[in-house]
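Breakdown of the fold
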Amino acid sequence: MEHVPVMVQEIMSHLDPKPGNVVADGTLGLGGHALEFCKRIAPGGHLFGFDWDEKMFAEATNRLSVVKDVKVTLTAQDFRQAPAVLDRNQARPNAVLLDLGLNSGQVDDAERGMSFREVGPLDMRMDVRVGEPASAWLNRATLDEIDNVLRDYGDERWARAIARAILARRKEQPLRTTEDLVECVLAAIPVGARDKRLHPATRTFQAIRIFINGELEELSEAIVALAERLADGGAIAVLSYHSGEDRVVKGAFRELAKEGFREELRKPQLPTDAEIARNARSRSARLRVLRKLDRESVGQQEADREETQDEYQTN
Ligand SMILES: C[S@@+](CC[C@H](N)C(=O)[O-])C[C@H]1O[C@@H](n2cnc3c(N)ncnc32)[C@H](O)[C@@H]1O
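Residues numbered from 1 in each chain as written. Predicted model: local features only at pLDDT ≥ 70, side-chain atom pairs only at ≥ 80, totals over all residues. Heavy atoms only, no water.

Tallying each qualifying case throughout the model produces 25 salt bridges. Residue Arg281 is joined to Asp108 by a salt bridge in which the shortest nitrogen-to-oxygen separation is 3.1 Å. Here Arg281, found in the loop between helix H13 (273-278) and strand E7 (286-292), pairs with Asp108, found in helix H5 (residues 104-108); they are 173 residues apart in sequence, far enough to count as distant. Overall, the relative accessible area of 41% leaves Arg281 in the partly exposed class. (Salt bridge = Lys/Arg side-chain N within 4 Å of Asp/Glu carboxyl O. Helix = DSSP H or I, 4+ residues; strand = E, 2+ residues; numbered from the N terminus. Buried < 20%, exposed > 50% of the residue type's maximum accessible area, 1.4 Å probe, protein only.)

The next thing to look at is the site of the ligand. Around the ligand sit 25 residues in total, of which His33, Asp51, Phe79, Asp99 and Gln106 are the nearest. One nitrogen or oxygen atom from the main chain of Gly31 is found 3.4 Å from an oxygen atom belonging to the ligand. Within the backbone of Gly32, an N or O atom sits 3.1 Å from an oxygen atom of the ligand. Residue composition of the shell around the ligand, by class: nine nonpolar, 11 polar and five charged. (Near = heavy atom within 4 Å. Polar contact = N/O pair within 3.5 Å; in protein donor to acceptor, adjacent residues only side chain to side chain. Nonpolar A, V, L, I, M, F, W, Y, C, P; charged D, E, K, R; others polar.)

Moving on to the side chain of Arg229. Inspection of the secondary structure assignment puts Arg229 in the loop between helix H11 (219-228) and strand E5 (235-240). Here Ala225 takes part through its backbone oxygen, which lies 2.9 Å from a polar atom of the side chain of Arg229.

Within the span of helix H3 (residues 54-64), buried status applies to Met56, Phe57, Ala60 and Leu64. For H3, the angular spread of the buried residues around the axis is 100 degrees, confining them to a single face. On its buried face, H3 sits against helix H2 (32-41), strand E2 (45-50), strand E3 (70-75) and H5. Put simply, Asp53 is the residue that caps the front of H3, since its side-chain oxygen is 2.9 Å from the backbone nitrogen of Lys55. (Arc of directions from axis to C-beta. Contact = heavy atoms within 4.5 Å.)

With that out of the way, let us pick up the layout of surface pockets. Roughly 1100 Å³ of internal volume is contained in the largest pocket. Considering the residues around the largest pocket, the lining is formed by 36 residues, among which Thr202, Gln206, Arg281, Arg283 and Ser284 are closest to the centre. Broken down by secondary-structure element, the contributors of at least two residues to the lining of the largest pocket are H5, helix H10 (202-212) and helix H12 (243-256). For the lining of the largest pocket, the leading source of residues is H10, giving five residues. Split by residue class, the lining of the largest pocket holds 11 nonpolar, 13 polar and 12 charged. Two domains each put at least three residues into the lining of the largest pocket: domain 1 (8-101 + 217-314) and domain 2 (106-212). The wall of the second largest pocket is formed by Asp155, Glu156, Arg157, Trp158, Ile189, Ala193, Arg194, Asp195, Leu198, His199, Pro200 and Arg203. (1 Å grid on protein atoms, 1.4 Å probe; cavity = no way out; pocket = protein on both sides within 12 Å on 5 of 7 lines; lining within 4 Å. Points joined across faces, edges and corners; volume = space filled by probe spheres on them. Domains from an automatic or database assignment.)

And the structure:
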């Protein structure tokens, strides 16, 4: 299994982990970013790591077993549990990373049913211990439910037509494989209307995966809870890979930046052309970073705000 970690230099330069620091990586994947953190927080640092996918978690645990002079606490759970784990350990991280979405290892594994390029069971769950496979939902959901998911999580223009094709198909026989779903998409989108650069099933697979895994549920709350646990001066970086995710991150950061936090980037940072050329999977990445202000900076933020209000009242 291989996964090339995305925007490593940019993330390290914003979060700037130092020997002895505490770092929380909410999305271990194959441990690329986590290993880089460990190099920088040794000696004496503490890495907290999370992944809800048992296979990824096992792989990351294995890769991180070589780490020396850093305490490593790994939890095979949703990062929405991370605030509770940090509290139990009385830990205040100097840096937090959420590298959202999918790992190449998951996409390439046909058995997971996440990829329209591989024929496999139509499952799509990241944590196979909970919930139900995508096929079970698709064979039961109403036309409107499927339409809404494709629109909300995939920005799919052909959502209604695809939902109709799924309902027509399952009248004949239930959907079982990734190929069955690809066929429904191809039946629904006219050849002339297809985007040449994107496989027609891309948005459908993304939307159903996000829905089946509840990926956007309570994401905002989790970001707020993690940001609040940062040490003074610490920062949280979030890498998102589609507009729905980025909207949630942007909203959470904007709210937090009203008091006690500062956004480090006015606009999300993108990978360089050189990185995209090296690693095509990085092309949709968007990086946002939020810093928790120390006491002095909070005082300055309040003074700036009062000054702006005074100006507003006197004008
Ligand atoms: C893009 S990959 C992370 C890659 C990683 N940074 C690396 O360098 O290898 C995303 C990983 O986060 C995990 N993940 C996604 N959402 C999660 C969540 N809510 N809780 C825990 N893990 C999650 C996925 O299972 C996947 O392994």
